[in-house]
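Chain and residue survey
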Amino acid sequence: MNRRTARASIAAALIAVLGLAVVPAVTVQAAPGTDSCVNNQLRQVTAAGHAQPLTGSVPVVFIHGILSTAAMWDGSSVGSIAGQAARMRGATAWTFDYGPENLDWVTNPAIGPAFATAIACLAQNSGHKVVIVAHSMGGLATQFAVGQPDPYGGMVADHVAEVITIGTPYLGSMLLSAFQALRTGARWIYPEQYRVAAEAILSACAGVTSGICGLLNVLPSQIGTALELHSTAIRDLPPWPTGLPVYDIAGDIKLIQLVAGPLSGSLDLGDIPVLTDSATAHETTGKAFEVSCGTETLWNLVHGNPGPCYHVNLPSDPDVIQTVLTSIRARINDALLPQWTAATVAPGPITSVSCSGQFCVAVGAGGAVGNRHGYALTYSGGAWAKPIPLGTGNNYTVSCPRAGYCVAVTDTGYAYTLQNNIWSGAKNIYPAANVQPSSTDAVEDISCASPSFCVAVTAEGKALTWNGTSWSAPQAIGLPGIQPPVFPGEFSYVSISCTTAAFCLAGTDIDAFNAPSAIWNGTQWSATPPGPMKGAFWHVSCANSAFCMVSGGYHAVGDISSIWDGAGWSGLAQPANEGPALGFSQASCPKTGFCVAVDGGASFNGSTADRRNGGIFTWSNGTWNGPELPDAKGDLDTISCSTSGLCVAADSSGNIFVNPYGGVTIQSQTQSPGTACPDSVQLLSAWNSAPAAIRQSWVAPQVTGFTDIGCWHGWVVAVPTTVSPGNGDVVFSQVGSLHLITVTELQQQFRSAVCAASDAPAGWRNPPLISCN
Amino acid sequence: MKRKILLASGAVIVLVAAAAVVFLLRGGTTAQEGSSIAGGDIPSSALASVRLMVSAHGRQALTPELDATLPKGQLFPAGTVFSPTPGSWHQVGAYGNVTGTLRVPGQAPAVAEIGLVDRGSHWLVTFEVRK
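Residues numbered from 1 in each chain as written. Chains lettered and ligands numbered in written order. Predicted model: local features only at pLDDT ≥ 70, side-chain atom pairs only at ≥ 80, totals over all residues.

Looking at the overall build of chain B
Within chain B one finds three helices and six strands. When the elements of chain B are put in sequence order from the N terminus, they spell out α-β-α-α-β-β-β-β-β. Classification of the 131 residues of chain B by burial places 33% in the buried group. Put simply, of all contacts in chain B between residues at least 6 apart along the chain, 46% involve residues at least 24 apart. (Helix = DSSP H or I, 4+ residues; strand = E, 2+ residues; numbered from the N terminus. Buried ≥ 20, exposed ≤ 12 C-beta atoms within 10 Å, placed from the backbone. Contact = placed C-beta atoms within 7 Å.)

What about the overall build of chain A?
If you tally the helices and strands in chain A, you get 16 helices and 42 strands. Out of the 773 residues in chain A, the part that is buried amounts to 54%. For chain A, restricting intrachain contacts to residue pairs at least 6 apart in sequence, the fraction spanning at least 24 positions comes to 58%.

Side note on the nonpolar core
Soluble, globular proteins show a tendency: their nonpolar side chains are buried together. Residue and element names in this part refer to chain A. Ranked by size, the top nonpolar core spans 140 residues in total, and within it Val61 and Ile119 carry the most contacts. With nine residues, helix α3 (residues 112–126) is the single largest residue contributor to this core. Discounting residues that sit within four places of it in the chain, Ile119 has contacts with Val61, Val130, Ala145, Val156, His159 and Val160. Ala346, Cys454, Val494 and Ile563 belong to the second-largest nonpolar core, a separate cluster that totals 92 residues. (Core = buried A, V, L, I, M, F, W, Y, C linked by C-beta atoms within 7 Å.)

Details of the packing of α3 of chain A against helix α4 (residues 138–146) of chain A
Residue and element names in this part refer to chain A. Contact geometry of α3 with α4 gives a least axis separation of 8 Å together with a crossing angle of 65°. The pairing of α3 with α4 is recorded here as roughly perpendicular in orientation. Where α3 crosses over α4, the two elements pack in a sense that is right-handed. Across from Gly112, Phe115, Ala116 and Ile119 in α3, the residues of α4 making contact are Ala141, Thr142, Phe144 and Ala145. The residue makeup of the contact of α3 with α4, split by class, is six nonpolar, two polar and no charged. (Axes fitted to C-alpha atoms, helices over the stretch in contact; angles between N-to-C directions. Parallel < 35°, antiparallel > 145°, perpendicular 65-115°, else oblique. Left-handed = near helix turned anticlockwise from the far one by under 90°. Nonpolar A, V, L, I, M, F, W, Y, C, P; charged D, E, K, R; others polar.)

Details of unusual backbone geometry
Residues and elements named next belong to chain A. Even without glycine at this site, Ile272 takes up a positive phi of about 90°. Tracing the sequence through the fold places Ile272 in the loop between β7 (262–270) and α9 (276–279). Residue Asn421 is not a glycine yet carries a positive backbone phi of 70°.

Notes on the environment of Ile111 of chain A
Residues and elements named next belong to chain A. Structurally, the position occupied by Ile111 is in the loop between β3 (91–96) and α3. With 33 residues separating them in the primary sequence, Ile111 and Phe144 have C-alpha atoms 9.2 Å apart. For Ile111, the contacting residues outside a window of four places in its chain are Tyr98, Glu101, Asp104, Val106 and Ala141.

Details of helix α2 (residues 44–53) of chain B
Residues and elements named next belong to chain B. Residues Ala46, Ser49, Val50 and Met53 constitute the buried set of α2. In an axial view of α2, the angular spread of the buried residues amounts to 100°, which keeps them on one side of the axis. Set apart from the buried face of α2 by more than 90 degrees, the exposed residues are Ser44 and Ser45. (Arc of directions from axis to C-beta.)

A few points about α3 of chain A
Residues that lie three or four places apart on an α-helix share one face, since the helix turns once every 3.6 residues. All names here are of chain A. Between its first and last C-alpha atoms α3 spans 21 Å; for 15 residues at 1.5 Å apiece the expected length is 21 Å, and the two agree. With 13 of 15 residues buried, α3 is to be regarded as a mostly interior element. Taken from the residues just after α3, Gly127 is the one with a positive phi, measuring 85°. (Expected span 1.5 Å × (residues − 1).)

Considering the confidence of the model for chain B
Residues and elements named next belong to chain B. Of all residues in chain B, 73% attain a pLDDT of 70 or more, and the chain-wide mean is 77. Mean pLDDT across the secondary structure elements of chain B bottoms out at helix α1 (residues 2–28), with 38, and peaks at strand β2 (residues 81–84), with 95. Across residues 1–32, where pLDDT falls below 50, the model places 26 contacts with residues more than four positions away in sequence or in other chains. Under the prediction, the complex receives an ipTM of 0.77, its pTM being 0.60. (pLDDT = per-residue confidence, 0-100.)

Comments concerning the sheet that holds strand β37 (residues 647–651) of chain A
Residue and element names in this part refer to chain A. In space, the four strands of this open sheet follow the order β9-β38-β37-β36, with antiparallel pairing throughout. For this open sheet the edge positions go to β9 (341–345) and β36 (636–641), each flanked by a neighbour on one side alone. Averaged over all neighbouring strand pairs, the angle between strand axes comes to 25°, with direction disregarded. As paired elements, β37 and strand β38 (residues 655–659) share four bridges and run antiparallel to each other. (Pairing = 2+ DSSP bridges.)

Structural notes on the pairing of strand β17 (residues 414–419) of chain A
All names here are of chain A. Alignment of strand β16 (residues 405–410) against β17, held across four bridges, turns out to be antiparallel. Each residue of the ladder has a partner; that of Cys406, found in β17, is Leu418. Hairpin connection between β16 and β17: a loop of three residues separates the two successive antiparallel strands, and Gly413 in this loop has a positive phi of roughly 95°. Bridge analysis of β17 against strand β19 (residues 427–428) gives two bridges, and the strand direction is antiparallel. Residue Tyr414 lies in a different strand from β19, and its bridge partner there is Asn428. In terms of strand pairing, β17 meets strand β18 (residues 422–423) through two bridges, oriented antiparallel. Bridge pairing in β18 places Leu418 opposite Trp423.

Here's the deal with the sheet that holds strand β27 (residues 525–527) of chain A
All names here are of chain A. Overall, antiparallel pairing links the four strands, which are arranged β24-β25-β26-β27 in an open sheet. The two strands at the open ends of the sheet, each matched to only one other strand, are β24 (494–500) and β27. Strand-to-strand twist of the sheet, defined as the mean angle between neighbouring strand axes without regard to direction, takes the value 20°. Two elements, β24 and strand β25 (residues 503–508), share six bridges in a ladder whose sense is antiparallel. Bridge assignment links Ser497 to a residue of β25, and that residue is Leu505.

Structural notes on the packing of helix α5 (residues 174–184) of chain A against helix α6 (residues 192–204) of chain A
Residues and elements named next belong to chain A. Taken N-terminus to C-terminus, the directions of α5 and α6 make an angle of 75°; their axes are 9 Å apart at the nearest point. Taken as axis vectors, α5 and α6 run roughly perpendicular relative to one another. Each of Met174, Leu175, Ala178, Phe179, Ala181 and Leu182 in α5 lies in contact with α6, whose residues at this interface are Tyr194, Arg195, Ala198, Glu199 and Leu202. Split into classes, the residues belonging to the contact of α5 with α6 amount to nine nonpolar, no polar and two charged.

Structural notes on the confidence of the model for chain A
Atomic detail in the predicted coordinates should be set aside for any region of low pLDDT. Residue-level pLDDT values for chain A average 82, and 83% of them are 70 or greater. Note that residues 602–612 of chain A has pLDDT below 50 and, in this model, 20 contacts with residues that lie over four places away or in other chains.

Quick look at the environment of Gln475 of chain A
All names here are of chain A. Residue position: Gln475 is located in strand β23 (residues 475–476). Taking the C-alpha atoms as reference, Gln475 lies 9.7 Å from Gln524; in sequence the two are 49 residues apart. Discounting chain neighbours no more than four positions away, the residues touching Gln475 are Lys462 and Ala463.

Shown next as structure tokens:
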């Protein structure tokens, strides 16, 4: 028996005693791109027996703690964190095992250094940063690993997206220190209550070897010393790299009684081996997640089940699982959602963009005020064409109701129509605006619901309607306070968004207290109830008559966006990652509940003191996310996203940015005309109506609802929310009545339809749902 | 001669291997070093401390450290009795525990466990907990 084998045997015995190794090791399955990383320590957690390819995935690697093995992650169970991570679209899940060495410190070559190699390999072969989920001392092994040089270049930390630690003793273990002090007679410098509690546990553990009493087995080992509070071994670890997100999860148990009546005060034990303070000592993501279990008695700690907050139980606590999965899902989205890229540069500022399908037009004007000349750039087939010169005009705005058909208007009252890839000549639609420089009644905005219905609005609140062949005479919208101007010589910015010939929403900012708006119902304008938005750069974008977003407002009070729900307004909170200097220039809302907004940054504030980077923020699922595409110039001015998922943003320097899947979730909402996308309740009803055998084939037990619902040509793909989680996606058909399809239908009809169509949602074409290759 | 050398070498190897195994096992086994008793009867000196604990002078039975963490006052009302369950004494090294029935006047009898530590000259109580 060599030393390693002997220690492995001891560890195995301890693990058995502790009851930690409750499931067989996860199955190793080779998949393309995984062979080079798999070894005795690094194994892939398979989803329903199928190993997803590492290449292109976001690797999620789980590392265990002391007195444990990779089996603790229970990857073969669909309800475990690892089991669920393995089923996430876009992810591969892995476990790292140092069980034979788990009485050694993390500097052992088989622990920290080997883990560093595993991380580097996963990142290199996947093409993505790795998400690490670490339990207990696994977090310290991670600290060591991410501080090592990466054999493929840089540091290992450079290839880590986030570290999530569960009960990691960043500062060491108070209880372990107390045990050691009692064992060796060392001087005790920490609160006396902990030594009292440790002595009580030592007494209670006479005759008991399982549960928390198993911790006593590490005392004579290397980690028995290394994991003491503020130990030299912990101090000597490489510091956590700056900028690496680390999210801490901790347990919180309080001991209330040691003899007779209660203690003078409850004693914080954290998750027992690790105090809460220690488990949350290195937290970079904002706020640690603490699982609170209230008070416990010594009897329950030693003889009963200490509950979900107990160190060993934390990783299987449903709340912990949920918060870890949420974090993993966010990192997958970060990594896999296509990014914004600089696409082209216009001759000068871009003042307006409009997209329809996979087609966009950007317009702007360059030159001195009063003598500016316009230009238009067309995006088609994934590329931008050279700018086409238009006529004079200080400010251009454009609207494309259909791919290949757009109408652009100038503030000076001229319109240009793009059709069959040719821009028409200038057509004077409003002579009253044709004054140089800009008139107080300049044409401000245009919105087209179709090629035969566009509405242009002027600074004095008039609407001019295009019917496909001619423009109407101006008609007052009826925005109180707009005429005469509150501030003579200045004019308001009036914005409009039309979704059909029977619905437009128009409005403006009069001053800091008045921002009137009105609705077009197909025959007349009528004022809306007052909205919360007040002030500068009122801009509106509507997905339909029941969902519009207004952006702009007074950033200083956080009033930068609000939503119209068909009957009234509600103000939105600012994005969490931005301060009060944020100000949106525009938002574009291609569907209900989904908007993409550009931060006007410095150009909005107009002050170097307030200067900040601009960026792009996404409103989805009731919250702002972002920023993406931080723009050092801070002058992103305009954005448009089509219902096909294409987004284009531009700044006042002429930089145009494209995200082909900027609204990736939008793509899945593309729907055949006349068929509504079902909601969670409807899907749940269809799910429950399906035969049990079909439901079970989706491995999604106890479904409680559905999220991420996407529809396309009668197919519905949604993610089930489950009590006991299962697969990442479930597919329904809307042919006939809404119904759950079989796996055979998935691989035949669904696959044929999706793989044959160029406009099918991109996310539907890839494993684990199907593969079109 | 060769046979003797071989035997001697074999013996040395066995001894070294045995010593190594013992060393490794000691290195990884329980921290509760010392003699172990499972299921015996509580030592009389430990039982004396338990009885002292339920008396009017109960605090004198506690370790001084535990005593300092508790609110002032008598631990148990007069008339409290603890009856150890025969064979319930467990001891590892200096630490032990005993299970029994705790009868507190006015309360239903309860199964209780009492922990003790041998501080050389006498046992002191480290905890008392009821099921």
